[in-house]
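A structural walkthrough
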Amino acid sequence: YSQFLIRSQGSSELRRGELIGMQGEVTVPIGESTPGQVSYVTKSGRMSSMARSADGQPIPRGTFVRILRVIGPQVLVQPLSSEPEETD
């Protein structure tokens, strides 16, 4: 029974790593120093995680973001750019 639990824990870590690069939506506003929450869709269904802004700037509710990094139970996100990026 304990081996089953250990294997299932390992598989959940794999899913956390798969979050990197995914798009989500801010459902609870992210403050400068306070976490918010983002929702995103995975193959398991709609999920939510606590989130912080990657650059420390507040992100309002309803903003679409990209997940850059997973740190424990939280994800670091940045807003999706609505303008095309310029290349020099």
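Residues numbered from 1 in each chain as written. Predicted model: local features only at pLDDT ≥ 70, side-chain atom pairs only at ≥ 80, totals over all residues. Heavy atoms only, no water.

1. Overview of the sheet that holds strand 3 (residues 45–53)
We count it as follows: Strand pairing requires that DSSP identify at least two bridges connecting the strands. Secondary structure counts use DSSP, requiring at least four H or I residues in a row for a helix and at least two E residues in a row for a strand, with both numbered from the N terminus. Note on definitions: angles span 0 to 180 degrees between N-to-C directions of axes, and those axes are lines fitted to C-alpha atoms, for helices only across the stretch in contact.
Taken together, the 5 strands give a closed barrel; going around it, the order is 1-2-3-5-4, and neighbouring strands pair in mixed fashion. Across the sheet, the mean angle from the axis of one strand to that of its neighbour is 55°, orientation sign disregarded. Direction of pairing for strand 1 (residues 23–28) relative to strand 4 (residues 64–71): antiparallel, over a ladder of 3 bridges. Within strand 4, the residue paired with Gly24 across the bridge is Val65.

2. Things to note about the confidence of the model for the protein chain
As a reminder of what qualifies: Per residue, pLDDT captures the predictor's confidence, and it can take any value from 0 to 100. Whether two residues touch is decided by their heavy atoms; if any such pair falls within 4.5 Å, the residues are in contact.
Taken over all residues, the pLDDT of the protein chain has a mean of 82, while the share at 70 or more is 74%. Taken together, the stretch residues 8–14 has pLDDT below 50 and engages in 0 contacts with residues farther than four places along the chain or on a different chain.

3. Comments concerning the environment of Leu76
Examined against the element boundaries, Leu76 turns out to sit in strand 5 (residues 74–79). In the structure, Leu76 is positioned 10 residues away from Arg66 in sequence and 8.5 Å away in space, judged by C-alpha atoms. Beyond its immediate chain neighbours, meaning those up to four positions away, Leu76 contacts Arg52, Ser53, Ala54, Arg66, Ile67, Leu68, Arg69 and Ile71.

4. Focus on the pairing of strand 2 (residues 36–42)
With 3 bridges joining them, strand 1 and strand 2 adopt antiparallel strand pairing. The partner of Glu25 across the bridge, within strand 2, is Ser39. The hairpin formed by strand 2 and strand 3 contains 2 residues between the paired strands.

5. A word on the pairing of strand 5
When strand 3 meets strand 5, the two strands line up parallel, connected through 4 bridges. Each bridged residue has a counterpart across the sheet, and for Arg52 the counterpart in strand 5 is Leu76. Here strand 4 pairs with strand 5 via 6 bridges, running antiparallel. When the bridges of strand 5 are listed, Val65 appears paired with Pro79. Once strand 4 ends, the chain turns through 2 residues before running back antiparallel as strand 5, passing Gly72 with a positive phi of about 60°.

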